[in-house]
Amino acid sequence: MVAPPAKRARRNERTSGTGTSTHTETDAADDSASSPPSHEEAHLSPDLWARVMVYLPYADILNCTLVNRTILQEAAPKVTDVRISTARQMRAVPARRFSGVRRIKIDCLFQDNYDRMQFSREAVGMVVPFLGCFPSLREASMGGTIAHAGRAVYLEYGD
């Protein structure tokens, strides 16, 4: 069982008739649990981190790899699904961290309104090099969001 975190010391000022004195009150628990929790107590397995990161936007997944070395080296290669929302996210260097990705959904291939739908030149030019960074890739879907009848509609390429 993990001990509760140590309580902070409280500073009180007491005023007597002759002057002001400051003293610190501490609980008895401070002595027994004064050390912060160790790294092992707060540790999640890389498999669990990878399962959590599947539900995050790709930008947040990249930020997770910057948090600590364990996530970068052990959890990132176990991420299996990635969803790309902007063409700027399709950079090869950070993508190489995710060697275990099997499914990619690219949502930025085209964006506009229904009457004049156009492919994003930036996104189209980056798709093939980006997909080449994933040796375990089995499935990729590409699409985009267009405005139709006053609402945003997601279309996959080929619909």
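1. A look at the environment of Ile146
Reasoning step 1: Summarising the element assignment, Ile146 is placed in strand S5 (residues 139–148).
Reasoning step 2: Given a relative accessible area of 2%, Ile146 falls into the buried group.
Reasoning step 3: When the C-alpha atoms of Ile146 and Met117 are compared, they prove to be 7.4 Å apart, with 29 residues separating the residues in sequence.

2. Observations regarding the nonpolar core
Where a protein is soluble and globular, its nonpolar side chains tend to be buried together.
Reasoning step 1: Core analysis: the largest hydrophobic core is formed by 29 residues, its most contacted members being Ile84, Met90, Phe98 and Phe130.
Reasoning step 2: Of all elements in the fold, only helix H2 (46–53), helix H3 (58–65), helix H4 (69–75), strand S3 (81–84), strand S4 (103–113) and helix H6 (121–131) reach the threshold of two or more residues within this core.
Reasoning step 3: Looking at this core element by element, the count peaks at five residues for S4.
Reasoning step 4: Setting aside its immediate chain neighbours within four residues, Met90 contacts Ile84, Ile106, Cys108, Ala123, Met126, Val127 and Phe130.

3. Quick look at the pattern of salt bridges
Reasoning step 1: Counted by the stated rule, this structure contains three salt bridges.
Reasoning step 2: Note that Arg103 and Asp81 form a salt bridge whose closest N and O atoms lie 2.7 Å from each other. Here Arg103, found in strand S4, pairs with Asp81, found in strand S3; they are 22 residues apart in sequence, far enough to count as distant.
Reasoning step 3: The partly exposed category is assigned to Arg103, whose relative accessible area is 35%.
Reasoning step 4: Here Arg83 makes a salt bridge to Asp107, at a shortest N to O gap of 2.4 Å.

4. Quick look at the pairing of strand S6 (residues 151–156)
Reasoning step 1: When S5 meets S6, the two strands line up antiparallel, connected through six bridges. Considered in S6, the bridge of Ile146 is made with Val153.

5. Section: a nonpolar patch on the surface
Reasoning step 1: On the surface, Leu44, Leu48 and Val52 cluster together into a nonpolar patch covering about 220 Å² of accessible area.
Reasoning step 2: Examined against the element boundaries, Val52 turns out to sit in helix H2.
Reasoning step 3: Residue class for Val52 comes out partly exposed when judged on its relative accessible area of 41%.

6. Some thoughts on the confidence of the model for the protein chain
Reasoning step 1: Across the protein chain, pLDDT averages 76, with 69% of residues at or above 70.
Reasoning step 2: Between residues 12–16, whose pLDDT stays under 50, and residues either more than four places distant or in other chains, the model counts 13 contacts.
Reasoning step 3: When the criterion is pLDDT under 50, residues 20–32 qualifies, and its contacts beyond four places in sequence or with other chains add up to 25 contacts.

What counts as what
- Residues numbered from 1 in each chain as written.
- Predicted model: local features only at pLDDT ≥ 70, side-chain atom pairs only at ≥ 80, totals over all residues.
- Heavy atoms only, no water.
- Helix = DSSP H or I, 4+ residues; strand = E, 2+ residues; numbered from the N terminus.
- Buried < 20%, exposed > 50% of the residue type's maximum accessible area, 1.4 Å probe, protein only.
- Core = buried A, V, L, I, M, F, W, Y, C linked by side-chain atoms within 4.5 Å.
- Contact = heavy atoms within 4.5 Å.
- Salt bridge = Lys/Arg side-chain N within 4 Å of Asp/Glu carboxyl O.
- Pairing = 2+ DSSP bridges.
- Patch = residues over 30% accessible without salt bridge, like charges linked within 9 Å, V, L, I, M, F, W, Y side chains within 5 Å.
- Areas by Shrake-Rupley, 256 points an atom, 1.4 Å probe, with all protein chains shown as cover.
- pLDDT = per-residue confidence, 0-100.

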